[in-house]
Amino acid sequence: MDMLLNPLNRRHRLRNDIPILSGAFPMVGHLPAIVCNLPRLLRHAERTLGSHFWLDFGPVGQMMTWLDPDAFALLRHKDVTSALIEEIAPELFRGTLVAQDGGAHRQARDAIQAAFLPTGLTEASIGDLLAPIIEARVQAWCDRGEVAILRETGDLMLKLIFSLMGIPTQELPGWHRKYQQLLQLIIAPPLDLPGLPLRRGRAARDWIDARLREFVRAAREHAARTGLINDMVSAFDRSDDVLSDDVLVANIRLLLLGGHDTTASTMAWMVIELARQPLVWDALVAEAQRMGAVPTRHADLAQCPVAEALFRETLRLHPPTPLLVRRALRELRLGQRRIPAGTDLCIPLLHFSTSALLHEAPNQFRLARWLQRSEPIRPMDMLQFGTGPHVCMGYHLAWLELVQFSIALALTMHKAGVRPRLLSDVEKGRRYYPTAHPSMTSRIAFS
Ligand code: HEM
């Protein structure tokens, strides 16, 4: 029963000749098990049904799920659409590029992408902007001696993203509150009444959008100013087929959503792994001392192989986006299988990331797999960021932020003669959907 499946639903049924996993609840399907213990659910399904089956996502319906790593290629298939993402969370993703395909997607993405590539990040001195914020926060943790790690990394990431967008520091608390309310839209029941999450979430979104609209206006008035929003506005305004401000605002809001939870969760897991692995901590401290300071340019990251391996191995074991969804536009083939047009697909990145088909001793945390390799990074090695036209736009930014963070942590704590230690169970209360993160109550001491 601790798998959170419905004991009254034991019937084995087929749909399109593919088994439907039993144990779904009315209304919520397998969502309780997906949210609370996705890896165990997938192992259970694999053991009882084999490598493909239907999972029930409750209000969103059933999704055909593959455990075979070949399914990763579906993300590059021209006949799959991302429109399903908007159907799942229309309040958040309507009009954003993550839910678009083809020309519309390319147009919006092209207008934003340059600012997120290594040259764009370096030209805008993003590393110089972020480093002091990270250092100050890590120093505060050191002074306090003990923190609830996920709460802290969530807070730090929000501050970093807001700074990237040029939101003045004194306005941060207000933004913070609205952002938390905005997140409620992901799980809000469809009841639009005063005081309920849907009403509050929509109000927060309208508040945020109104301010983003002001930023866009200010960016046009002061075109010479630099900064992420200014870059985006001028790129949008330059594009051949000028996009409406609604599209621009929805996509700026998407950056906030895409760049916050994912990176905050990874940052928290990094600290947890450093507390669990004393030898990794020692190697990181040695590298940080060799560096002497937090790197600020992308070109500097090559000098931080240990921090980079920590970033990749943490993401491999704890991918913050454990599954992606798509819909088949036409009939597709995957190996011997036929996927009918209109099928909703679940692509379980988490399963591939920890698959014995792709990694030796897949459940062990081993920096050596990255430090000892000589080949360049392939799409499969960074599958936690997706692949194909929608591959994460924030990959280089996340890499920079997380390496900066780990070097700052090692320098600050080592100077004070302390190291991270785990004070609580990170598994109890761990979540896997819609984004994955360690227990909200995980505590870390620096002692
Ligand atoms: C560890 C950190 C991160 C992880 C693991 C991650 C993961 C992902 C994944 C899996 C996708 C693909 C979604 C799909 O195909 O449906 C994606 C897309 C995206 N990510 Fe990230 N992300 C991270 C950080 C960031 C950051 C820092 C930003 C920007 C501030 C960002 C912005 C985006 C955007 C805009 C997209 C949509 C791209 C498109 O649809 O073309 N992400 N991310």
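It should be emphasised that the depicted structure is a prediction, and the values quoted were computed from it without experimental measurement. (Residues numbered from 1 in each chain as written. Predicted model: local features only at pLDDT ≥ 70, side-chain atom pairs only at ≥ 80, totals over all residues. Heavy atoms only, no water.)

A few words now on the packing of helix α8 (residues 172–183) against helix α11 (residues 245–276). Running from amino to carboxyl end, α8 crosses α11 at an angle of 85°, the nearest separation of the two axes being 12 Å. With respect to α11, the element α8 is oriented roughly perpendicular. Contacts between α8 and α11 pair Tyr179, Leu182 and Leu183 from the former with Arg253, Leu256, Leu257, His260 and Asp261 from the latter. Class assignment for the residues of the contact of α8 with α11 results in five nonpolar, one polar and two charged. (Axes fitted to C-alpha atoms, helices over the stretch in contact; angles between N-to-C directions. Helix = DSSP H or I, 4+ residues; strand = E, 2+ residues; numbered from the N terminus. Parallel < 35°, antiparallel > 145°, perpendicular 65-115°, else oblique. Contact = heavy atoms within 4.5 Å. Nonpolar A, V, L, I, M, F, W, Y, C, P; charged D, E, K, R; others polar.)

In a regular helix each residue adds 1.5 Å, so 21 residues correspond to 30 Å; helix α16 (residues 395–415) covers 30 Å between its end C-alpha atoms and thus fits that length. Burial runs high along α16: 18 of the 21 residues are buried. Glycine 417 sits one or two positions beyond α16 and adopts a positive phi of about 75°. (Expected span 1.5 Å × (residues − 1). Buried < 20%, exposed > 50% of the residue type's maximum accessible area, 1.4 Å probe, protein only.)

Turning next to the packing of aromatic side chains. Counting across every chain of the model gives ten aromatic pairs. When the centroid spacing of 4.9 Å and the interplanar angle of 75° are considered together, the rings of phenylalanine 385 and tyrosine 395 count as edge-to-face. Highlighted residues: phenylalanine 385 in the loop between α15 (368–371) and α16 and tyrosine 395 in helix α16, separated in sequence by ten residues. This pair shows no difference in class: phenylalanine 385 is buried, exactly as tyrosine 395 is. Put simply, the rings of Phe162, Trp175, Trp207 and Phe215 pair up and form one aromatic cluster. For arginine 15, the ring lying beneath its charged end belongs to tryptophan 54, and the centroid distance is 3.9 Å. Positioned above the aromatic ring of tryptophan 399, the side-chain terminus of arginine 312 is 4.9 Å from the ring centre. (Phe/Tyr/Trp six-rings, centres within 6.5 Å; stacked < 30°, edge-to-face > 60°. Lys NZ or Arg CZ within 6 Å of the ring centre and 35° of its normal.)

Moving on, we come to the site of the ligand. Looking at the ligand, there are 28 residues lining it, with His105, Arg109, Arg326, His390 and Cys392 nearest. Within the contact set of the ligand, a nitrogen atom lies 3.4 Å away from a backbone nitrogen or oxygen of glycine 258. Between an oxygen atom of the ligand and a side-chain N or O atom of histidine 390, the distance comes to 2.5 Å. Within the residue set of the shell around the ligand, elements represented by two or more residues are α4 (102–113), α11, β7 (324–328) and α16. Looking at the shell around the ligand, the element that brings in the most residues is α11, giving seven residues. In terms of residue class, the shell around the ligand is made up of 15 nonpolar, eleven polar and two charged. (Near = heavy atom within 4 Å. Polar contact = N/O pair within 3.5 Å; in protein donor to acceptor, adjacent residues only side chain to side chain.)

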